[in-house]
Amino acid sequence: MYMDEKIRGVNLGNWLVLEKWMEPENFAGTDAEDETWLARKLPREELERRLKKHRDTYITRKDFAYIKAKGMNTVRIPVPYFIFGDVEPFIGCIEYLDKAFEWAEEFGLKILIDLHTAPGGQNGYDNGGITGVCRWHKDPAYVRFVINVLMRLAYRYGGHDKLFGIEVLNEPISWSVYMTSPTRGKAADPAEVRNSGHVPFAFLTTFYKTVYWNLRKILPLDKAIVFHDGFRLHNWNCFFRRNEFRNVYLDAHIYLSAMENFTKIHDPLMYKAYLGMDKVRLKLASKSVPVLIGEWCINNSYAGDMPEKGLAPEEYKKEQAKRYRRVAKMELETWKNTEGWFYWNYKLFRDPKDYEREPWKESWDFRQCIKNRWLKL
């Protein structure tokens, strides 16, 4: 490893890449479900006004101070493919990433730049920029554009002391995840779905090799290159053994809430079994490449949807906290033998009172988990 300690970090999601479910207010007055359609539907001046207000205030210098004070050493920052402001109708945001590096320097934090979206979509989720559409990999021009963005980021930040590394692309989707995705078939414009489909493993390995050699010409060896597992954690051993890559990581995203989509049994034994399988998979993958957990959280139905059972409010809160801590302990134990982790997400709502309206979101918020003592680090 090129870091002296394991990664302990948080994601700064919903700052430079919007996700409607995290803060719906940004989408007010439109029926847009993702950032692409928000940019298409809002008048330019209104889009500029909203984004400036959001980007100026959602993450600030004070947040970096807080993150450092809570013992974190790294932040993972999702950025869009239009970060340099050269894709209409989107508005770039490179100046905010510049600010992030200034704050990281001041407070002694490392940054993992995560290219979170791609033109045409790489997974069909809103976090990929456009809901229900996944055809980035089908267009050679789109693929070249992504490589160009990554290289420009490498040139801009490769020499910065606080750059941990660059993550090539967030969550390029597998066949099984694509076929069971809740956003499949929900594109706003059916015409855009033509030629959509999962990102094949053969394509992904070729893309990763191309990107690695392009970035390694620019990035010093002490800067990491991170590859998402494409929801195929078990597939990568041969790939990394056959390629002479240096200072690379494999990123896996593991959510208990995703497991709950396949079972109605929400109890510690089920979570323990699920995490036990993941522990084995992480151990096997780590034999050929260092593995980190780029996204995880303690959100789960065992604690979040706990029936009241006649408990008084204070007793309910105590029992809920006990359940969250129990699950969090299991998760942290599972990640113990990886190279580290990033919690998703640092924040959702700005005002904690908003969680009274949607309490299920509170466990996604790192600040609230710390405040409520659900997450003990």
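Higher on the page you've got the structure.
These numbers were taken from a predicted model, which means no experiment stands behind them.

Caption draft 1: Fine view of the packing of helix α4 (residues 94-107) against helix α5 (residues 140-157). Where α4 contacts α5, the two axes come as close as 12 Å, and the packing angle between them is 40 degrees. The pairing of α4 with α5 is recorded here as oblique in orientation. Considering only the axes of α4 and α5, their crossing is right-handed. Packed against α4, whose contacting residues are Ile-94, Leu-97, Asp-98 and Phe-101, the element α5 presents Leu-153, Arg-156 and Tyr-157 at the interface. When its residues are assigned to classes, the contact of α4 with α5 shows five nonpolar, no polar and two charged.

Caption draft 2: Focus on the side chain of Asn-170. As for its position among the elements, Asn-170 is in the loop between β4 (163-167) and α6 (175-179). Contact partners of Asn-170, with chain neighbours within four places excluded, come to Arg-76, Asp-114, Leu-115, His-116, Gln-122, Asn-123, Asn-127, His-253 and Glu-295.

Caption draft 3: View of the pattern of salt bridges. Counted according to the given criterion, the structure contains 27 salt bridges. Of the charged contacts in the structure, one is a salt bridge between Arg-76 and Asp-251, with a shortest N-O distance of 3.6 Å. Taken together, the positions of Arg-76 in strand β2 (residues 74-79) and Asp-251 in strand β6 (residues 248-253) put the pair 175 residues apart, joining distant regions of the chain. Like Asp-251, Arg-76 is buried. One salt bridge in this structure joins Asp-354 and Arg-357, with 3.4 Å as the shortest N-O distance. Each of Arg-76, Asp-114, Glu-167, Asp-251 and Glu-295 takes part in one network of salt bridges that share partners.

Caption draft 4: Structural detail: α5. End to end, α5 covers 26 Å across 18 residues, agreeing with the expected 26 Å (1.5 Å per residue, within 8%). The set of residues buried in α5 consists of Val-143, Val-146, Ile-147, Val-149, Leu-150, Leu-153, Ala-154 and Tyr-157. Here the buried residues of α5 occupy an arc of 155 degrees about the axis, which is enough to place them on one side. Away from the buried face of α5 by more than 90 degrees, exposed residues Pro-140, Arg-144 and Tyr-155 are located. Those residues of α5 that are buried are in contact with β2, α4, β3 (110-115), β4 and α7 (201-216).

The rules behind each value
Residues numbered from 1 in each chain as written. Predicted model: local features only at pLDDT ≥ 70, side-chain atom pairs only at ≥ 80, totals over all residues. Heavy atoms only, no water. Axes fitted to C-alpha atoms, helices over the stretch in contact; angles between N-to-C directions. Helix = DSSP H or I, 4+ residues; strand = E, 2+ residues; numbered from the N terminus. Parallel < 35°, antiparallel > 145°, perpendicular 65-115°, else oblique. Left-handed = near helix turned anticlockwise from the far one by under 90°. Contact = heavy atoms within 4.5 Å. Nonpolar A, V, L, I, M, F, W, Y, C, P; charged D, E, K, R; others polar. Salt bridge = Lys/Arg side-chain N within 4 Å of Asp/Glu carboxyl O. Buried < 20%, exposed > 50% of the residue type's maximum accessible area, 1.4 Å probe, protein only. Expected span 1.5 Å × (residues − 1). Arc of directions from axis to C-beta.

So, to be careful, I would describe these as geometric facts and stop short of saying anything about function.
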